[in-house]
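What follows is the residue order along each chain.
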Amino acid sequence: RRQRQMCIRDSCALSWPLRLGADTVRRRSARSYDDLVHAIISKADADMIAVDVDRSSVDGIHDLDQRALGRMLYGWCSLAPGCYTQGLNFFAAVLLAVMLQSSGLPPPLAEERAFWTFCASLRVLYPADFHRPPFAGRSRQTTSRTTSTT
């Protein structure tokens, strides 16, 4: 309850980026948001994003800018190649909606703030290899064990 009150009082659009270190992630990135959204990503990631953006409706969020959401996800794939997984679109959609509706920033700046908050969130909440292809490490371990036992 206390956290909810703080979020309402401080505005989630202002407190989330601060608490998660979004500006630090942005400053440490070798590339700007604009560079990331215009970089080349894998066809597999691009295809998955295209499908996921179309099905990114979230209850209570109307008129979500799907192009902005697509850019955010594209930027994530540029920053962390091979790390896009289903479901990230919903998380990014909520962050984007909050930033667009509550930050008081013009849409392009709100979108960028949502992106860096998204990146910071994933780095804080999950281990570095969490969004890597499933079982990548295990398949190498299994192969080496099989090789060593035969």
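Given the structure is predicted, the values throughout are model-derived calculations rather than measurements.

J.: Just checking my understanding: could you explain the environment of Arg 31 for this structure?
T.: Among the secondary structure elements, Arg 31 is positioned in the loop between helix H3 (22-28) and helix H4 (33-37). Here Arg 31 falls in the partly exposed class, since its relative accessible area comes to 32%. With 48 residues separating them in the primary sequence, Arg 31 and Leu 79 have C-alpha atoms 8.4 Å apart. From its side chain, Arg 31 meets the backbone oxygen of Ser 78 in a polar contact 2.6 Å long.

J.: Quick question: what am I supposed to make of the packing of aromatic side chains here?
T.: How two aromatic rings sit relative to each other is given by the distance of their centres and the angle of their planes. Applying the stated criterion across every chain, the model contains four aromatic pairs. Residues Tyr 33 and Phe 115 carry aromatic rings whose centres are separated by 4.7 Å and whose planes lie at 40 degrees to one another, so their mutual orientation is tilted. Of this pair, Tyr 33 sits in helix H4 while Phe 115 sits in helix H8 (residues 107-125), placing them 82 residues apart in sequence. We classify Tyr 33 as buried; its relative accessible area is 7%. Phe 115 sits in the buried class, given a relative accessible area of 0%. Relative to Phe 118, the ring of Trp 76 has its centre 5.8 Å away and its plane inclined at 80 degrees; by these criteria the two rings are edge-to-face. With a gap of 42 residues between them, Trp 76 in helix H6 (residues 66-79) and Phe 118 in helix H8 connect regions that are remote in the sequence. Both residues of the pair, Trp 76 and Phe 118, count as buried. Feature note: the residues Tyr 33, Phe 115 and Trp 116 constitute an aromatic cluster, connected by ring pairs.

Definitions and cut-offs
Residues numbered from 1 in each chain as written. Predicted model: local features only at pLDDT ≥ 70, side-chain atom pairs only at ≥ 80, totals over all residues. Heavy atoms only, no water. Helix = DSSP H or I, 4+ residues; strand = E, 2+ residues; numbered from the N terminus. Buried < 20%, exposed > 50% of the residue type's maximum accessible area, 1.4 Å probe, protein only. Polar contact = N/O pair within 3.5 Å; in protein donor to acceptor, adjacent residues only side chain to side chain. Phe/Tyr/Trp six-rings, centres within 6.5 Å; stacked < 30°, edge-to-face > 60°.

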